[in-house]
Amino acid sequence: MAELHHECGVAAIYHLPDRGVSPLLTQPDPEQASRLIPRLLLDIQNRGQLAAGMTTFSPHRNQLIDTHKEVGSVTEVFHLNHPEGYERLMKEYAGRAAIGHVRYATCGKDDRSYAQPFERHHIEKSKWFSFAFNGQLANYPELREELLSRSDFHLARETDTEILMHSICQELSGDKKPELADLLSHLAEQFDGAYNIVFLNALGDMFVARDPLGIRPLCYAIEGPLFAAASESVALANMGFRTESIKSLAPGNAIIIKDGQISLKEFARSPRSAHCFFEWIYFANVCSTLDDRSVYLTRKALGEELARLETAPIDGDTIVVPVPDTAKAAADSMAFQLGVPCLEGLIRNRYVGRTFIEGRNRSDKARMKYTPLPEVLAGKRVLLVEDTIVRSTTMKALISQLRERGRASEVHVRVACPPIIAPCFYGIDMSTVSELFAPRFLKGRELTPEISQQMADALGADSLQYLPLDAIARCVEMPKDSLCQACLDGKYPTPAGRRLYQVALANHGDETCSTEKRTYDAHDFATVRT
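Visitor: Describe the pattern of salt bridges, and please don't skip the residues or the numbers.
Guide: Evaluation of the coordinates by the stated rule reveals 27 salt bridges. Here E232 makes a salt bridge to R47, at a shortest N to O gap of 2.9 Å. A residue pair is termed long-range when its members are at least 10 positions apart, and E232 in the loop between β10 (226–230) and α7 (233–239) and R47 in the loop between α1 (36–43) and β2 (51–57) qualify at 185 residues. Taken as a pair, E232 and R47 share a single burial class, namely buried.

So, in structure tokens, the structure goes:
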């Protein structure tokens, strides 16, 4: 699913005082705990490749908290391929506590000012803070309008992260000195959407918080004096935390560290969970476990579901080919159930540029990213397995490549997901109905074999098979009402999400609008994600 991206990932580390030195540190000094942040971020790089950064805390320097961030991958930003540059950074930003962030954004400026963490200086230690944010505030337009209605207020960027920064500042204004749990409670009353926050101030206080619906994943671990948190469990496991130590933070809960003491507190009641199902089928690392459910086992189950639905002839010329890389687990499982080979007929170029690929459109980029192997594909009936189809541009290019360069005799597309029919307002870069592939054909109707064939013809495929809607909850092994499947069924878990969907439907239905004007307006949608 090369045309769909997540917004970002967060991480945090804290070496608690008076508890000895953690054996997980690379150096036997608590002030070196900050060195672990690049390692954590490297393991969640899949969540954002546009920018990276960290803020560290040390009481032994003038800059009690200090931030390093830049546009680029984790390797580039932290000079991981240049030992001298890396060591210089680690010494300059050494600290017992740190937070980190990786960013992806679909629009807006690709410059350092949009990179996170966001740091706010102040002469009072409790008001000098830094934070990083994963998600999207669906009520960003209302929050933005409310702030700008005040004549002496100004926003420098069109991003909900800046809204969050100002909201925290207001909670700390004047003589206010709220407990961190109370601060989070007040924020929860204002915010609608997905928001995981890692926060660090110049007193050395930290919180790691997950929104009341738990839309985005957030994991943590505590062993001895070391606390760590990350968007995905794989980052904590690779650092060396034991499996039994790694837990998912419950929705509406926060880990709070104050005066060197750590506690788990509920800051907002969780009416229900609404975990984004896309985390399991695409976004998360296949090695992660999120909310007690393995990403790999979910994708394996998706492949088994696809195999049960298969109608194409199965013979010696039939092969299963995954679209690299995230569809591989589902494809392997599907092929095993069908008793046919699962072969790498498409090879991904892992060295294609991160944020810029020479070419004028998505089709050009797809041709550069994937190389078909005629040695595998020629004369074969290919069951091409993909995570989902969003805009269809990449899929069309892939099918064309499989036929022309790979010389496949047939291409049957198998999608380990139901059709995407609605936008996401919680942190995935699909914000209009018009950009989506499936609604053009479904138009509010049930998916029938006839419509599936029309869609296959539009893609240039011999056939197309999606999973049914009820397969997702079955494969994730969670109740349907514990998942956010709004992009599949139009049922948004928050009021602002429901309002934005109505705006999106109205824009899509306005046949008098030009293509350009069907895209969302800055006052209707959050135009730049986190």
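Visitor: Give me the lowdown on the pairing of strand β13 (residues 261–266), citing residues and values where you can.
Guide: Looking at chain direction, strand β12 (residues 253–258) and β13 are connected through six bridges and run antiparallel. Across the sheet, I255 pairs through a bridge with L264, a residue of β13. As consecutive antiparallel partners, β12 and β13 are separated by two residues, and within that stretch D259 has a phi angle of approximately 55 degrees, a positive value.

Visitor: So what's going on with helix α10 (residues 328–338)? Which residues, and what values?
Guide: Buried residues of α10: A329, A330, A331, S333, M334 and A335, and no others. Lining the buried residues of α10 we find α9 (295–309), β17 (318–322), β20 (381–386) and β21 (410–415). Once α10 finishes, G339 follows within two positions and takes phi at roughly 75 degrees, a positive value.

Visitor: Explain the environment of L338 to me, and be specific about the residues and the numbers.
Guide: Assignment of secondary structure puts L338 in helix α10. Taking the C-alpha atoms as reference points, L338 and E310, separated by 28 residues in sequence, lie 8.5 Å from one another. Beyond its immediate sequence surroundings of up to four residues, L338 is in contact with A307, E310, I314 and L383.

Visitor: Could you give me a rundown of the packing of aromatic side chains, with the residues and numbers involved?
Guide: This structure, assessed with the given rule, holds 12 aromatic pairs. Where F191 meets Y195, the ring centres are 5.5 Å apart and the plane angle is 80 degrees; that geometry is what we call edge-to-face. For the pair formed by F191 and Y195, the shared burial category is buried. Cluster of aromatic residues (ring-pair linked, three or more members): F118, F129, F131, F199 and F207.

Visitor: Account for the side chain of R35, with residues named and values stated.
Guide: Within the secondary structure, R35 is located in the loop between β1 (8–15) and α1. For R35, a relative accessible area of 6% gives the class buried. Here R35 is in contact with T26, Q27, Y86, E87 and M90, once residues within four sequence places are set aside.

Visitor: Kindly report on the nonpolar core, identifying the contributing residues and their values.
Guide: Residues F278 and L384 are the most contacted members of the largest nonpolar core, which totals 118 residues. Apart from residues no more than four positions distant in its own chain, L384 is found in contact with V321, V323, L346, M395, I399, L402, V411, H412, V413 and R414. One finds L155, M165, F199 and F207 within the second-largest nonpolar core, a separate group that totals 31 residues.

Visitor: So, the state of the cysteines: which residues are in play, and what are the values?
Guide: On inspection of all chains with the given rule, the structure shows zero disulfides. Lacking any disulfide linkage, C8 is separated from the closest cysteine sulfur, that of C424, by 12 Å. With no disulfide of its own, C417 has C487 as its nearest cysteine by sulfur position, at a separation of 6.6 Å. For C417, a relative accessible area of 0% gives the class buried.

Visitor: Run through unusual backbone geometry, naming residues and quoting values.
Guide: A cis amide bond, omega 5 degrees, links Q116 with the succeeding residue P117. By the element assignment, P117 lies in the loop between β4 (97–103) and β5 (118–120). Going from P324 to D325, the amide bond is cis rather than trans, its omega being -5 degrees. Even without glycine at this site, D18 takes up a positive phi of about 60 degrees. For D18, the position within the fold is in the loop between β1 and α1. For D18, a relative accessible area of 82% gives the class exposed. Despite not being glycine, K443 has its phi angle at roughly 50 degrees, a positive value. Locating K443 in the fold gives a position in the loop between α14 (439–442) and α15 (449–459).

Visitor: Go over the sheet that holds strand β6 (residues 129–137), please, and point to the residues and values.
Guide: Overall, antiparallel pairing links the six strands, which are arranged β5-β6-β7-β8-β12-β13 in an open sheet. Edge positions in the sheet fall to β5 and β13, since each has one partner strand and no second. The average undirected angle you get between the axes of adjacent strands in this sheet is 15 degrees. In this sheet, strand β8 (residues 206–210) lies alongside strand β7 (residues 193–201) in antiparallel orientation, the contact comprising five bridges. Residue pairing for β8: N196 is matched across the bridge by R210. Along the sheet, helix α5 (residues 160–171) contacts β5, β6 and β7; its crossing angle with β6, the most-contacted strand, is approximately 130 degrees.

Visitor: Describe in detail helix α6 (residues 180–190), supporting the description with residues and values.
Guide: Buried within α6 we find L180, A181, L183, L184, L187 and A188. Along the axis of α6, the buried residues cluster in a sector spanning 155 degrees; they form a single face.

Visitor: An account of a nonpolar patch on the surface is needed here, citing residue identities and associated values.
Guide: Together, V286, Y296 and L297 give the surface a local cluster of nonpolar side chains, amounting to about 240 Å² of exposed area. The residue L297 is located in helix α9 in this model. Relative accessible area serves as the criterion here: at 40%, L297 is assigned to the partly exposed category.

Visitor: An account of the packing of helix α4 (residues 140–148) against α5 is needed here, citing residue identities and associated values.
Guide: It is the contact of α4 with α5, at a shortest axis distance of 10 Å, that shows an interaxial angle of 55 degrees. By the angle between their directions, the pair α4 and α5 is classed as oblique. Considering only the axes of α4 and α5, their crossing is left-handed. Along its contact with α4, which presents Y140, L143, R144 and L147, the element α5 presents D160, I163, H166 and Q170.

Cut-offs and rules
- Along each chain, residues carry numbers from 1 onward, in the same order as the chain's sequence is written.
- Residue-level local features of this predicted model are given only where pLDDT is at least 70; pairs of side-chain atoms are given and counted only at 80 or more, and the full residue set underlies all totals for whole chains, interfaces and linings.
- As a rule here, side-chain values come from all non-hydrogen atoms in the structure, and water together with hydrogens is ignored.
- One speaks of a salt bridge when a side-chain nitrogen belonging to Lys or Arg is within 4 Å of a carboxyl oxygen belonging to Asp or Glu.
- Strands are runs of DSSP state E lasting at least 2 residues, helices are runs of H or I lasting at least 4, and numbering of each runs from the N terminus.
- Throughout, exposure labels follow a simple rule: accessible area from a 1.4 Å probe, protein chains only, divided by the maximum for the residue type, with under 20% read as buried, over 50% as exposed, and the rest as partly exposed.
- Here a strand pair is declared whenever DSSP counts at least two bridges between the two strands.
- We call two residues in contact when some of their heavy atoms are within 4.5 Å.
- We call Phe, Tyr and Trp rings a pair once their centres come within 6.5 Å, taking the six-membered ring for Trp, and we label the pair stacked below 30 degrees between planes, edge-to-face above 60, and tilted otherwise.
- Residues belong to one nonpolar core when they are buried, are Ala, Val, Leu, Ile, Met, Phe, Trp, Tyr or Cys, and are joined through side-chain atoms within 4.5 Å.
- Cysteine sulfurs are considered disulfide-paired once they come within 2.5 Å of each other.
- The convention used is that axes are lines fitted to C-alpha atoms, helices contributing only their stretch in contact, and that angles between N-to-C directions extend from 0 to 180 degrees.
- The arc in question is the one traced by the directions running from the helix axis out to the C-beta atoms.
- Like-charged residues within 9 Å of one another, or nonpolar side chains (Val, Leu, Ile, Met, Phe, Trp, Tyr) within 5 Å, are grouped into patches, provided each residue has over 30% relative accessible area and no salt bridge.
- For every accessible area listed, the method is Shrake-Rupley and the probe measures 1.4 Å; residues are considered covered only by the protein chains on display.
- Angles below 35 degrees are treated as roughly parallel, those above 145 as roughly antiparallel, those between 65 and 115 as roughly perpendicular, and all remaining angles as oblique.
- Rotating anticlockwise by less than a right angle from the far helix to the near helix defines a left-handed crossing, while the corresponding clockwise rotation defines a right-handed one.

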